[in-house]
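# Chains, contacts and geometry: an overview
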Amino acid sequence: MPYKKYDYILSQNPSGICIDSRIVSEGEVFFVPSYKKYDPVNYINQALDKGAKLVVTDHPGFQNKEKVIYVENVTRALWYCADKFYSNLPRHKIAITGTNGKTSTTDYVRQIFILLGQKAGSIGTLGAISNVNLDNSILNLAFLTSNDLITNYKILSQLKEREADYACLEGSSLGIHQGRLGQIKFDCAAFTSFSQDHLDYHHTLSNYFQAKLDLFRNNLTPTHHIFISEQVCNIADEMNFDLPFKFEIIGESAFCDARIDFKYHDVNGQLIQFVYHNHEYAFETDITTKVQGYNLVFAALLVHKCGFSLKEIMKVIPHVKPVAGRMQKIPDPKNFRHIFVDFAHDPYSLQNILLELQKLKNSDSARIFCIFGCGGDRDKLKRPIMGKVASELADQVIVTDDNPRSENPQLIRSDIIHGITKGNYIEIADRKIAIKETLKIMNINDILLVTGKGHEDYQIYGNHKMPFSDVEIIEQCLSE
């Protein structure tokens, strides 16, 4: 039985578990990446030189080497040992997946718990955030939508150590597919939205959707609760996917378990009403757009399933703050223009936001300006689609650079422009100049959407990562 060997590893009382040979500490057990993908020799030698107590590998050539444990499946061994080693985790854990909405909903969940007087944390794109003090060594680890498995365990473990009983975690399709959630079990989970993205990795929409579904197949407790959006339900039907689990639907149609009615919403906020289990609930928020309204309802219901009444939640939810870079409104007190920064970087999310901004215009003469680019070394198929969406739904499109990475930025912009169907665009490579020049030609009540980077405070050209924040650039321009 492999579990006897796994238990032997733990019986050696390692000081920790590590999966990066560069940062192995003395006394830790190091799990080597599968030899089927990587040559493990350098990893093994580096870990032993750094003082690893044990090294675990699935390379058959290391079966008899001192301090090296051979296992048939190194990933399964890692999952088992990590789950046993980091067994003291927050009592209530929530996981959220979706093409869009993960970051906002995760942050809203954490905020609601804290407003209810609880100690809670969130893990994802924005890092590890909590109202308990986390060590800098932990905070510095968290910088991806889905961190590696050990980072997730370390953060969750420290949250519990600091008496936080509630944690919410983003689950990206890449992270789920690559096993970064291991055997962590969640009480609640949500699937917020689905649209084209990450096809450079998954290759097909079907593979992408299946990767999302693996969260619900593999990482939930027996008494779990699942919420999915009406949009995800419709996509599943269109793609002939049978969702093999019980769930409740959040949406605006009569058949939804939680039926949302947006009583009003404008550029300054909204009043949201929803019916759930034959009870009616309502709240006001200064967080704008229906998309974020959906995310707030998702968050409210997820917190509710952790033992809090919706009546209590409705009292605190108006105090939930907007999430950095998610339809973040930048005040313009002098010229009364409406300026938003958002992370939208796929056709579906860009389309949704622009459609909604059309409805939110408070003047017939108001125009919508959209500044965006596309990331390099990522799904190229979506670029012309996004160009088409932007040109058809915005009055003026400004095509600029996002994070070109190793690609030629001019070619990325050309890919976008290839899809544009109108002449309502200009190309300004420098993102700062694009923002500055656009603000110069905007009038009162006009709307500006700067999208693609959201909360990010950098731009990547080649191997160079340079400081850059859309929010800071806009605020700087407004102050001049």
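Okay, so let's go over this structure. Just so it is clear, the model here is predicted, and its values are computed rather than measured.

Here six strands make up an open sheet; going across it, the order is E15-E16-E20-E17-E18-E19 and the pairing mixed. A strand with exactly one partner marks an edge of an open sheet, and here the two such strands are strand E15 (328-330) and strand E19 (425-427). For this sheet, the mean inter-axis angle between neighbouring strands, taken without regard to orientation, is 20 degrees. In this sheet, strand E20 (residues 447-451) lies alongside strand E16 (residues 338-342) in parallel orientation, the contact comprising five bridges. The residue bridging Phe340 from the neighbouring strand is Leu449, located in E20. This element, helix H14 (residues 382-393), spans strand E17 (368-372) and strand E18 (396-399) of the sheet and lies at about 160 degrees to E17.

Another point: the sheet that holds strand E11 (residues 248-251). Sheet architecture is open: 10 strands sit in the order E7-E6-E8-E5-E9-E10-E11-E12-E13-E14, paired in mixed fashion. The open sheet is flanked by strand E7 (127-130) and strand E14 (279-285), the only strands paired with a single partner. In this sheet, adjacent strand axes meet at a mean angle of 15 degrees when their direction is disregarded. Here strand E5 (residues 92-97) pairs with strand E8 (residues 166-170) via five bridges, running parallel. Directly across from Lys93, in E8, lies its bridge partner Ala167.

Rules and cut-offs
Residues numbered from 1 in each chain as written. Predicted model: local features only at pLDDT ≥ 70, side-chain atom pairs only at ≥ 80, totals over all residues. Heavy atoms only, no water. Pairing = 2+ DSSP bridges. Helix = DSSP H or I, 4+ residues; strand = E, 2+ residues; numbered from the N terminus. Axes fitted to C-alpha atoms, helices over the stretch in contact; angles between N-to-C directions. Contact = heavy atoms within 4.5 Å.

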